[in-house]
Each structure stands twice: as structure tokens, then as C-alpha cells.
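Survey of secondary and tertiary structure
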Amino acid sequence: MRMKLILLIFVVAGFTTARAKSSSCVDCHLSSDWVSDTTIVSDYMSGDIHFKMGLSCDDCHGGDPKRGFEEGDPDLAMDPLKGYKAPPSRTATPDFCDRCHSDIEYMKRYNPRLPTDQLKLYKTSVHGKQLYRTRDTKVAVCTDCHGVHNILPSSDSRSMIYHNNVPETCRKCHGSPQYMRGYKYNGRQIPTDQYEEYSKSVHGIMVLEEGDNSAPSCNNCHGNHGATPPNLISVSAACGECHAYNRDFFNASVHKEVWEDLGYPECEQCHGNHLIQPATEGLLGVDEGALCIQCHDEGDDGYAAASIMKAQIDSLKHALESAEKVAKEAEEKGVEGGQARFDLGAAKDNLTRVRSVIHTFDPEQVSEITSSGIKVAHEVEEIAELALGDIKIRQIGLAISLLVILYVALILWRKIKQVDSKTDFVVRDK
Amino acid sequence: MADEKIPRREALNYLLGAGVGALGIATLYPVVTYIIPPKASGAGTSSVSAAKVGELKPNQGKIFKFGNSPGILVLKPGGDPASALGYVAFTAVCTHLNCTVQYRDDLKEIWCACHNGHFDLNGKVMSGPPPTPLQEYRVAIKGDEIFVSSEEA
Amino acid sequence: MDLKERLYNWWNERVDLDNLLAFLNHKTVPHHRHSIWYYVGGMCLYLFIVQVITGILLLLYYKPTAEAAYESVQYIMTDVPFGWLVRSIHSYAANIFIGLIFVHMFSVFLMKAYRKPRELTWITGVVLLLLAMGFGFSGYLLPWNQLAYLATNVGTNFAIMTPVIGDWLLVFLRGGTEVTGATLTRFFGFHVAVLPGIFTSVLGLHLLFVQRLGMSVPISIEKEISDGKAQREEMPFVPNFLYRDILGWTLALGLIVLLSSMFPWELGEKADILTPAPPHVKPEWFFVFMYQTLKYVPKTIGVFGFAIGGAVWILLPFFDRKSNRGEPNKLYTVIGVFVVIYMVALTLIGYLAPGE
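This is a predicted model, so every value here is computed, not measured. (Residues numbered from 1 in each chain as written. Chains lettered and ligands numbered in written order. Predicted model: local features only at pLDDT ≥ 70, side-chain atom pairs only at ≥ 80, totals over all residues.)

1. A word on the overall build of chain B
Per the secondary structure count, chain B includes 1 helix and 10 strands. Each helix (α) and strand (β) of chain B, taken in turn from the N terminus, gives the series α-β-β-β-β-β-β-β-β-β-β. For 153 residues, the compact-globule formula gives about 15 Å, and the C-alpha radius of gyration of chain B, at 28 Å, lies well above that figure. Its C-alpha atoms give chain B principal-axis dimensions of about 100 × 35 × 30 Å. (Helix = DSSP H or I, 4+ residues; strand = E, 2+ residues; numbered from the N terminus. Rg over C-alpha atoms; globule rule 2.2 N^0.38 Å.)

Right, dumping it as C-alpha cells:
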């Protein structure tokens, strides 16, 4: 505690000498004689990005703190005539921030890479529309996600908008049934179980449990300032940000048009949304649990295609497993030096590829990949089998050497008989 | 009796001599061939001969076996085939889903066919799903062989 | 003078071949119904030489580091011509070698050949067995496969039971507190430098004693001879005995080559230090009787039991007064048979018992 205080004083001291006119706000707002809440200053100075960039209170709030301080009159410091702006209301907040954040020239001095169109985007979002059209103050404004006097950049893992913290930040409102009561989308009550579902999904587990920020957070699909759900035909665009091949294959497939006609939400129709699970081959085919048979019935083309593609992938998997087993055996027996298993890598690639190519829903394209993989797997298995069979070649050499050995043994045996016949073993007394 | 035995004894000795001689050859043959080292360079896990100088033209890549996983050696566009500086080498195992990457001379990039991952010639991800760069290997030239080693450069 | 004669003379003038040949021509070995056991020792010597030769050949390609050991053995077995043969012979011969040393020891024990004046031959012989087991233990780890790694973990752990210096001994054996690449390098050193040096010296002494004292004739045969029921028979070492030796060695070579070709010694899976040990790890077969015993008795008591038992076993010639006087000693025969049965039984239990 004392350390912190000393540090604070030190920082304040440095701050006051550097920017004398600003010191006056701090001097009063740090003193409980003047204000009831002294944490605003310490919050701000303990790492707010604006503080780090050298911005002070009056850069946002205006006023004339120097004169106010010198003359001991807070009203002078916070004189609206001198440009003082009180903390904005929720409806005024976006415009308050926008004064600087939309100013390209101004922002360039601090963070040239930061976009300046946040407010514009915000106004297109569900949040922004609510705020500006119906003056609904329950919707998220800048400070709900970014904080007020403790704003951290998105790269800071403590920030509310750090990739892995975003689900928790959105959940503050979207996870509360009371808070969300009455909010509708497409005429239906917006659910509040998105976080719960997401946290059990393949993406959520990566982000929330494994801390892997390469998996998507809420904003990767829904946007951030322009937050809005992807509509039916933009789902594949959202997923395709990462799953690019799957998107391309799907968009070129027969399903694309059918999906549009039926009003299916593209990827989501098969894979779900927040509760998305790792895809397996079980989704494909005509067996129980497969998705194809939800629409396709026995006898139609799709049904046949589904069962063919499933069979192709299954036989590739089977060929891989079998080759792997033989190759491993050959290696452990010491008759093969690992080349077989190395070569099998190409066939494994094909399995990975076909899991993507399957989104063409075209048995021909699928079989192109699977059959070349199966071919490699069979070749490898053959090589490994041959290596195991190498023992046969050794056995020929063995037979020859054994013949020689037995021959020598036989002659030795005769020789022993011969020398024994001429030896008298009995020891006669001398 | 005695006259008969001497030739028989000598005959046995000759047969024995021939047998021992054959056995000696049968033993020495494997030993001698064993001592001559096979052409493939000795088992090594930290360094391996990836190619011969001149085998690659500029803007060309090659997959080689590095231990039990593939590596990729690239002679950079405009690179000097005789200098180690002309080459770069990485693990050829894509950091996304372990597919084997390949060199695309049209793009001058390393590319993974499985999910369209692109890496530049520093191993860094340019686009696509790979989450991390390819691990770089050290390249050295000894005589006319290009050695790749996993040791830190 | 033909070339043969001139060569002989050249050597004779320098190393006195006349004397050596005269000695060899006069050397005899007792001949009786138990004399087949005399060949076992010679067979052990032969196998040792096979081990030295194949061991040196393996050294040409083997790399004693955790990173390269497994791969180098794999290289020997798959890329080097006849490497599989050399490595398999080395492995098979090693096991037959240790097995035959046991046979040799118990045959000597049951014939009471250790009795005065051959106490030193016995002691050096038991020391050779212990060294051979050391060879087996250290050599087993060298291919750096998972089974060997785990067995070495279990095996070296017993060092900790040693009073006072237990902890130190463990670190000495492992080259650290755990079995790692440092252990491998260390075992390699034991296997190809330390043990061969000691073994060869003790073997030299053993053979010197055998030569100086000749073969022991069993008490029962001696009694038959002194009772006039049998005649004393001796077999000339050259050529009769030597031919039989060579016949045995040739057949042994055939057997080992047969095994090596039909069932090449496996390589197994590369050792992975991070894999936790499964519960059914077994040491090499010649340690199993001890390992199995330690499952039934408290570890400390078991280990001390074997240490004391081993010491008594080595010093037996000094306790067996009756045999030293040339009288039959039933008690010691019973002890010998009991030890053999005990070892065989526990080894079998170790391999066959369910759930082990």
C-alpha cells in the first residue's frame, strides 16, 4: 500500500512537472477534502491508454484547471464557457469519444493504425440503432465494453476487449434474461444462453479454457462496433474468414443455391452456431446420426452421393490404419527404418484434405483425393510387408550357412570318431 | 589295415579343411560387407544431408526426410546455389493440421494444399489458417552436400 | 627346408614352440560319465569371444546418446548390410551366454568341483557371472527402447536400498537422479570399457586357475576309482577334447544364426521419458527370480537376503568341509538343487502368473 502511494506520488510529481496546467485537476481530485471519489485519478494513472499517450483530464473534459487551481475555485476550472464538458450521459457517450476518435489527423499522432470509423459502424449496429433511434440507454455504449477511466488497448490481456475476454464482456448483458427481456430479433426473444453454448463449443473451449486466441471470439462472427448477426447468406463469409476452403467448396457446390431457396443459414445448417462441435465423419453418410439423411431419402441422388463419399473416406481411413499398423510392426521388428511411415504422411494429408473437399458434396472430387491417398497407403503397406517378408531372403542365406555348418559338424564328428578310435583313455599306472 | 587308414584320414582332413574354409568365407562375407558403410548417410536426428549442390535451381524447393518427419529446402529466387545463404530450410509439417507443405514457384511462397496456408520464405504465416510460423532449420554446405540441421543457427 | 618348416623354426627360436606343443600334447582332461559338463565352460568362453567380435562391429555404427541411440540401432538393422544379423547375434548370444554361465556354475556346484584346491576358481567364476549380468543389464538399455528404459528405471531403483551410500549409488548408476540420456551414455561406458576390462582380467585369472589345477573329478567317480570299480580315464586335450569343443562351437553358431535369421531381435518402440511406467514392467529374465521374490517379501529384507545369500554362495567352498575332505556331502547337493528349483520356479511364476 505504502509502495503504491509512493509510486503514485512519484508519478504525479513527474506528471505535474511535465504538464503543469493539468496538475490542478489531479491536486483536487486526489484529495478527499475536495471530492468524495478519489479513485478516478488513480484508475486513470495506473495504465489507461490515454494517460500513457500523454493525454490529461482536460484533453477530454476541457475547462481551465490551471486558473481554477490558482484561484482556488473549482467552478473556474470547470467552467462550461471555457469548454468544460461534464461526464457525458450514456446517449452522449459515443459522440463524446468520437470528437477525437474520428479525427484522422489527430489519431495519426497517437495510433496511426487505429480505425476512425467506429461511430459510423456503431450507428449501423443493433446497439447503435437502438441508442440513436429509440434513445434506449440499456444498449451497449463505448464505455460498457472499453471502460471509462481504465481503458486498456485490445492487445492488453487485462482488457475487457482482449480477444479471450470478449465472451465474458458480451455476457454481462447478453447472459442476463432479466436484462435482455423484451429484446427481439426477427420477431423472437433473443436467447441468453449464447455464452453457455459457446463455452462448450470447439471454439469456446479453445478460447476460454486453452487461452488460444486463434479461435474466434463473439466479435469475429458478429463484428464489434458494427455488431450485428450475420444474415442467412453471409454465414459462410463469417466462417470462411478462417475456414476458407470449406467456404469456397460450399459456395461452388450444388447446395449453395438449394440452401438459399430453402432459407438455410449455410454452414450453420449442419454445424450449428454457438454450440459448434468438432466435425467428424459421422456427420456424413446415410447411417444413423448422419446429417445427409435429414433431407435425402433412399433412392435420390444425394442419398447415393452421401453413401459413396462416406464409403470413400472410410476406405481411406481403413487403408491408412492398416498401412500404419504394418509399417509400425516392420519398424519395431527392426526390418524397416521408418521410411514407410514417413511416406504414409502423404496419404494422411489426403485424409485432412478430403475433410475439407467434402464440402463440394461431389463424389468425383472426393474420390480423386481418397483414391490417391488409398494408393499411397497401399504402396506403403506393400513396402512394409515386403520388408517383413525380407526375412525370407535372409532364410535363404541362413539355409546356405546352416548347410556349411552342418557339413563341418558332420566331418568333425567323423574326425572325433577317428581320433577316439586311436586313443586309449585308460590311465595305466606308471 | 594301416595302409587303408592313412588315405582315409587324409581325405577327412581335406574335407574338414574345405568345410572350415567355406565356414570362414560364410563368416567373413557378412563381416566385411558390414564394415563398409552404406551409402545413406548415418542415422542422425539433428542434422541430415538434404540435397546436393546443383540439385536445386533458383526458385525451387525440395522435400527431404528429417528424422521421421519431412523438411523443406528452398533455393531462394536469385539465390546462389553454391552458398548456404542462398537456401532456407524449414520443417515441412504445416502448423495447422500437420500436412506436408510444398514450394510454389509461381507465388515464391511455401504453401499447404490442405487448407490453403501460405508461408513466406522466412517461415512466417502470410495467410490461411496456420497459427504459427514454420520452424526454421540451419543450412550449411560441406563439399557438394547441403546439410540441414535443427540446431539453433 | 620347405616354407612350413622355416616358419616353424623362426617362431620356435623366439617363443619356444617345441615347449608349447609338448605341453599341449600332454594336456589331458578326465574322461568319465559326467565329463560332458566340462564343455560348458569352453562354450561360455566361445560365446564371450562372439560377444567381443559382434560388440566391436556394433561399435562402428552405434551412437550412445538419447537422441541418436535408437535411430542408430535402427540404422544398423535396416541400412547396414548384415547389421540385423550382427545385432541379433549379439543379443541372442548374450542371453545364451548368461544362461550357460548359470548351467556351468550349477554343474560345478553339484559336482562339488569348487572343493579344495579350487576355491579361487569358484570365486572368480561367480564374479564372472555377476559381471556378465552387469553386461546384460547395461547392454539392455543401449538400444534406448521403451521396455529397456522402463526396466532400467526399475532395476537401478534397487540401488537406493544400499545402506549409507544408497542415494549416492543411484546417482552414480543413473548419472543423475533419473534415468535419462546421461544414464545411457554412462551404461555405454560400463558396457564397452569398464566391464570388458574387469571381465577380461578376472577371466584370465579363472582360466589360469583352471589350467594350473586341471579339471576336477567328481567325488563319486574318485570313490569308484579308489574302490577299484572303475578305471581312471583321461582324454587328450589335443585333438580329442578340442575337436569336441569345436564341434560344439560350430553347432552353437548354427543355432544362433538360425535364431537370428528366423526371429531377428526386435527393436521395439523408442524410449519416451515422459510416458509413465506401466505396472507390468519386467527386468531381463536373469533378474526375474530376484524381482519376483521382492513381490512377496519386504523389499529391504529381500535385497539384503540376496546380498547375504550371494556372499555366502561365493564363500561356499570354505564352509563345505566334508567335500574338502573328499567325502560326499548330501546336504550341499540338496542346497544346490533347492537353489536351482527356487530360481527356475520364481522365474516361471514371474512370466506366467496371471496379473503379473
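2. Some points on the overall build of chain C
What chain C contains, in helices and strands, is 15 helices and 2 strands. Since a compact globule built from 356 residues should have a radius of gyration of about 21 Å, the 23 Å found for chain C is in line with a globular shape. Per-residue burial over chain C gives 34% buried out of 356 residues. A fraction of 79% describes how many contacts in chain C between residues 6 or more apart in sequence connect residues 24 or more apart. (Buried ≥ 20, exposed ≤ 12 C-beta atoms within 10 Å, placed from the backbone. Contact = placed C-beta atoms within 7 Å.)

3. A short note on the nonpolar core
In terms of nonpolar packing, the biggest core is built from 70 residues, with Leu 47, Ala 93, Phe 97, Leu 141 and Trp 144 of chain C touching the most fellow members. When residues of this core are traced back to their parent elements, those giving at least two are α24 (363-421) of chain A together with α3 (38-59), α4 (69-78), α5 (83-110), α6 (119-141), α7 (146-157), α9 (181-213) and α11 (237-262) of chain C. Counting residues per element, this core draws most heavily on α5 of chain C, at 12 residues. The contact partners of Leu 47 of chain C, leaving out residues within four places of it in the chain, are Ala 93, Ile 96, Phe 97 and Leu 100 of chain C. (Core = buried A, V, L, I, M, F, W, Y, C linked by C-beta atoms within 7 Å.)

4. Some thoughts on the sheet that holds strand β6 (residues 109-112) of chain B
Residue and element names in this part refer to chain B. If you walk across this open sheet you meet the 4 strands as β5-β6-β7-β8, and the pairing is antiparallel. The open sheet has two edge strands, β5 (102-104) and β8 (125-127), and neither has a second partner. For this sheet, the mean inter-axis angle between neighbouring strands, taken without regard to orientation, is 40 degrees. In terms of strand pairing, β6 meets strand β7 (residues 117-119) through 3 bridges, oriented antiparallel. Bridging across to β7, Trp 111 finds its partner in His 118. (Pairing = 2+ DSSP bridges. Axes fitted to C-alpha atoms, helices over the stretch in contact; angles between N-to-C directions.)

5. Things to note about the environment of Lys 124 of chain B
Residues and elements named next belong to chain B. Note on placement: Lys 124 falls in the loop between β7 and β8. With 14 C-beta atoms packed within 10 Å, Lys 124 lands in the partly exposed category. Taking the C-alpha atoms as reference points, Lys 124 and Pro 37, 87 residues apart in sequence, are found 39 Å from one another. Discounting chain neighbours no more than four positions away, the residues touching Lys 124 are Phe 119 and Pro 133.

6. Description of helix α12 (residues 285-296) of chain C
Buried within α12 of chain C are the following residues: Phe 287, Met 290, Tyr 291 and Gln 292 of chain C. Looking at the buried side of α12 of chain C, the elements it contacts are α7, α13 (299-319) and α15 (330-352) of chain C.

7. Topic: the packing of α3 of chain C against α5 of chain C
All names here are of chain C. Between α3 and α5, the shortest axis-to-axis distance is 9 Å and the interhelical angle comes to 155 degrees. Classified by the angle between their axes, α3 and α5 sit roughly antiparallel to one another. For the pair α3 and α5, the crossing hand works out as left-handed. Its residues placed into classes, the contact of α3 with α5 shows 17 nonpolar, 7 polar and 1 charged. (Parallel < 35°, antiparallel > 145°, perpendicular 65-115°, else oblique. Left-handed = near helix turned anticlockwise from the far one by under 90°. Nonpolar A, V, L, I, M, F, W, Y, C, P; charged D, E, K, R; others polar.)

8. Overview of the confidence of the model for chain C
In the predicted model, chain C carries a mean pLDDT of 92, and 99% of its residues have values of at least 70. Across the whole predicted complex the pTM is 0.75, and at the interface the ipTM reaches 0.85. (pLDDT = per-residue confidence, 0-100.)

9. A look at the pairing of strand β4 (residues 87-91) of chain B
Residue and element names in this part refer to chain B. Buried residues dominate β4, accounting for 4 of its 5 residues. As paired elements, β4 and strand β9 (residues 136-142) share 2 bridges and run antiparallel to each other. Its bridge partner lying in β9, Ala 89 is registered against Tyr 137.

10. A few points about the interface of chain A and chain C
With 26 residues of chain A at the interface, the matching set in chain C holds 31 residues. Per element, the largest residue contribution to the side of chain A that touches chain C is 15 residues, and it comes from α24 of chain A. Partitioning the side of chain A that touches chain C into residue classes produces 14 nonpolar, 6 polar and 6 charged.

11. Considering the sheet that holds strand β10 (residues 145-149) of chain B
Sheet strands line up and pair through hydrogen bonds in the backbone, either parallel or antiparallel. Residues and elements named next belong to chain B. Read across the sheet, 6 strands follow the order β1-β10-β9-β4-β3-β2 without closing on themselves; strand pairing throughout is antiparallel. The two strands at the open ends of the sheet, each matched to only one other strand, are β1 (47-52) and β2 (60-66). Shown here is a sheet whose adjacent strand axes are inclined to one another by a mean of 30 degrees, direction ignored. Sheet topology note: the β9/β10 ladder contains 5 bridges and is antiparallel. Note that in β10 the partner of Val 139 across the bridge is Val 148.

12. Some points on the packing of α5 of chain C against α6 of chain C
Geometry of a packed helix pair, given as the angle between the helix axes and the separation of the axes. All names here are of chain C. Direction vectors running N to C along α5 and α6 enclose 160 degrees, while the axes themselves pass 10 Å from each other. When the axis of α5 is compared with that of α6, the two are roughly antiparallel. Classified by chirality, the crossing of α6 by α5 is left-handed. Seen from α5, the contacting residues are Ala 94, Phe 97, Ile 98, Ile 101, Met 105 and Val 108; seen from α6, they are Trp 122, Gly 125, Val 126, Leu 128, Leu 129, Ala 132, Met 133, Gly 136 and Gly 139. In terms of residue class, the contact of α5 with α6 is built from 12 nonpolar, 3 polar and no charged.

13. Notes on the interface of chain C and chain B
Listed as interface residues are 16 residues of chain C and, on the opposing side, 12 residues of chain B. By residue number, the principal contributor to the side of chain C that touches chain B is α4 of chain C, which donates 4 residues. Of the residues assigned to the side of chain C that touches chain B, the class counts are 10 nonpolar, 3 polar and 3 charged.

14. Details of unusual backbone geometry
Going from Lys 116 of chain C to Pro 117 of chain C, the amide bond is cis rather than trans, its omega being 10 degrees. By the secondary structure assignment, Pro 117 of chain C is in the loop between α5 and α6. Omega for the bond connecting Val 238 of chain C with Pro 239 of chain C falls within 30 degrees of zero, at 5 degrees, which places this linkage in the cis form. Mapped onto the secondary structure, Pro 239 of chain C falls in helix α11. The backbone phi angle of Phe 361 of chain A is positive, close to 55 degrees, even though this residue is not glycine. Within the secondary structure layout, Phe 361 of chain A lies in the loop between α23 (339-357) and α24. Located in the positive-phi region is Asn 59 of chain B, a residue other than glycine, with phi close to 65 degrees. Of note, Asn 59 of chain B is situated in the loop between β1 and β2. Residue Asn 59 of chain B is classed as partly exposed on the basis of its 16 C-beta neighbours within 10 Å.

15. Concerning α7 of chain C
All names here are of chain C. Taking 1.5 Å as the rise per residue, α7 with 12 residues should run 16 Å; its terminal C-alpha atoms sit 17 Å apart, in good agreement. Of all the residues in α7, the buried ones are Ala 148, Tyr 149, Leu 150, Ala 151, Thr 152, Gly 155 and Thr 156. Against α6, α8 (166-174), α9 and α12 lie the buried residues of α7. (Expected span 1.5 Å × (residues − 1).)

16. Topic: the environment of Tyr 62 of chain C
Residues and elements named next belong to chain C. In this structure, Tyr 62 sits in the loop between α3 and α4. Tyr 62 gets classed as buried once you count the C-beta atoms within 10 Å, which come to 20. Tyr 62 sits 13 residues away from Tyr 75 along the chain, and the two C-alpha atoms are 8.8 Å apart. The contacts of Tyr 62, once residues within four sequence positions are left out, are Ser 72 and Val 73.

17. Re the environment of Asn 213 of chain A
Residues and elements named next belong to chain A. The residue Asn 213 is located in the loop between α16 (202-209) and α17 (218-222) in this model. As for Asn 213 and Gly 337, which are separated by 124 residues in sequence, their C-alpha atoms are 39 Å apart. What Asn 213 contacts, discounting residues up to four positions off in sequence, is His 163, Asn 164 and Val 207.

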